[in-house]
Amino acid sequence: TSPWGVLWLGLTLLGALQIQALDSTPNLIPAPPLTRVPLQPNFKDDQFQGKWYVVGLAGNAINKEERGKFTMYTTTYELKEDHSYNVTSTLLRNGNCDYWTRTFVPSSQPGQFTLGNIERYPRIQSYTVKVVATNYDQHATVFFKKATENEEYFKTTLYGRTKELPHGLKENFIRFAKSLGLTDNHIIFPAPEAWVPQQLC
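Predicted model, so just to flag it, every value in this text is computed and none were measured.

Trainee: I would appreciate a short explanation of the nonpolar core in the present structure.
Mentor: In summary, soluble globular proteins display a tendency toward joint burial of nonpolar side chains. Ranked by internal contacts, the top residues of the largest apolar core, which has 27 residues, are Phe48, Tyr77, Tyr85, Phe104, Phe144 and Tyr159. The set of elements that each furnish at least two residues to this core consists of strand S1 (50-59), strand S3 (85-93), strand S4 (96-106), strand S5 (112-115), strand S6 (124-134) and strand S7 (139-148). The greatest single-element share of this core, amounting to four residues, is contributed by S6. Setting aside anything within four residues of it in sequence, one finds phenylalanine 48 in contact with Phe43, Tyr77, Tyr85, Val131, Thr134, Tyr136, Ala140, Val142, Tyr159 and Arg161. In terms of nonpolar packing, the next biggest core, distinct from the first, is built from 20 residues, Val37, Tyr53, Phe154 and Leu182 among them.

Trainee: Hey, could you run me through the packing of aromatic side chains in this one?
Mentor: To describe a pair of aromatic rings, you give the distance between the ring centres and the angle between the ring planes. Per the counting criterion, the structure on display carries 15 aromatic pairs. When the centroid spacing of 6.3 Å and the interplanar angle of 40° are considered together, the rings of phenylalanine 43 and tyrosine 136 count as tilted. In this pair, phenylalanine 43 is assigned in the loop between helix H2 (15-24) and helix H3 (45-48) and tyrosine 136 in the loop between S6 and S7, connecting sequence segments 93 residues apart. Both rings, one in phenylalanine 173 and one in phenylalanine 189, keep their centres 6.0 Å apart while their planes meet at 70°; by these two values the pair is edge-to-face. Note that phenylalanine 173 is positioned in helix H4 (residues 167-179) and phenylalanine 189 in the segment after strand S9 (187-188), a separation of 16 residues in sequence. Judged by its relative accessible area of 2%, phenylalanine 173 is buried. Taken together, the ring pairs connect Phe43, Phe48, Trp52, Tyr77, Tyr85, Phe104, Phe113, Tyr127, Tyr136, Phe144 and Tyr159 into an aromatic cluster.

Trainee: Explain the pairing of strand S8 (residues 152-160) here, please?
Mentor: Side-chain direction in a regular strand flips from residue to residue, so the side chains alternate between the two faces of the sheet. Of all nine residues in S8, eight are buried; the element is thus mostly enclosed. Where S7 lies against S8, nine bridges are found, and the strand directions are antiparallel. Of the residues in S8, the one forming a bridge with threonine 141 is leucine 158. What sits between S7 and S8 in their antiparallel hairpin is a turn of three residues.

Trainee: Explain the pattern of salt bridges to me, please; I cannot follow it from the model alone.
Mentor: Pairing between side chains of opposite charge can happen when their charged atoms approach one another. The final tally for this structure, using the stated rule, is two salt bridges. The partner of lysine 145 in a salt bridge is glutamate 152, and the shortest N-O contact between them spans 4.0 Å. Given the relative accessible area of 34%, glutamate 152 is considered partly exposed. Linking lysine 178 and aspartate 184 is a salt bridge whose minimum nitrogen-to-oxygen distance equals 2.9 Å. Since its relative accessible area comes to 39%, lysine 178 is described here as partly exposed.

Trainee: Can you walk me through H4 in this structure?
Mentor: One full turn of an α-helix is made of 3.6 residues, so residues set three or four places apart face in the same direction. Given a rise of 1.5 Å per residue, 13 residues ought to cover 18 Å, and the 19 Å separating the end C-alpha atoms of H4 matches this to within 8%. Residues of H4 that are buried: Leu169, Phe173, Ile174, Phe176 and Ala177. Take H4 and look down its axis: the buried residues cluster within an arc of 165°, on one side only. Projecting away from the buried face of H4 at angles above 90 degrees are the exposed residues His167 and Arg175. Against S1, S6, S7, S8 and S9 lie the buried residues of H4. Where H4 ends, the next residue or the one after it, glycine 181, has phi of about 100°, a positive value.

Conventions we followed
Residues numbered from 1 in each chain as written. Predicted model: local features only at pLDDT ≥ 70, side-chain atom pairs only at ≥ 80, totals over all residues. Heavy atoms only, no water. Core = buried A, V, L, I, M, F, W, Y, C linked by side-chain atoms within 4.5 Å. Buried < 20%, exposed > 50% of the residue type's maximum accessible area, 1.4 Å probe, protein only. Helix = DSSP H or I, 4+ residues; strand = E, 2+ residues; numbered from the N terminus. Contact = heavy atoms within 4.5 Å. Phe/Tyr/Trp six-rings, centres within 6.5 Å; stacked < 30°, edge-to-face > 60°. Pairing = 2+ DSSP bridges. Salt bridge = Lys/Arg side-chain N within 4 Å of Asp/Glu carboxyl O. Expected span 1.5 Å × (residues − 1). Arc of directions from axis to C-beta.

Spelled out as structure tokens, the structure:
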């Protein structure tokens, strides 16, 4: 796999599936300004770390018609001494477990991060992560915004400490995604049974 291929997988978490989605959505919904995206008050980085299941996913490069190709995956946040995170996602693809690790570096606002070592990725001009809301032990909503020379991509994920969350939390996630300008066609909920047991990865 080329370095750019690995980078793309790591940043989108969905690899070639996301590229296919991009091909099918040439007119992207504009990304909202970061000032319009809420930030979890009094963010506690130590309580946020650990494993999260990606229960919901919405973005301007996601197409619900492709949802059959999206499987549930996990993302684990490991807090380092400098308060950045090592972030590892585990996704089952073609019967194999793929892992992608990157670094999220804290910004001046607690709960907001940038991509570490971004100079290694020449096609990316900026990459921002914001923890929108979380209660740490059950759910979290996180916003991602990536700018290249030509486009701005954004997505939001609904994390769960378990593979399933109450219906009300999913409804809240849908409302939040739509507040960003997304439509039902841009929102998916991967099936819990699609996740492979951790001991197999």
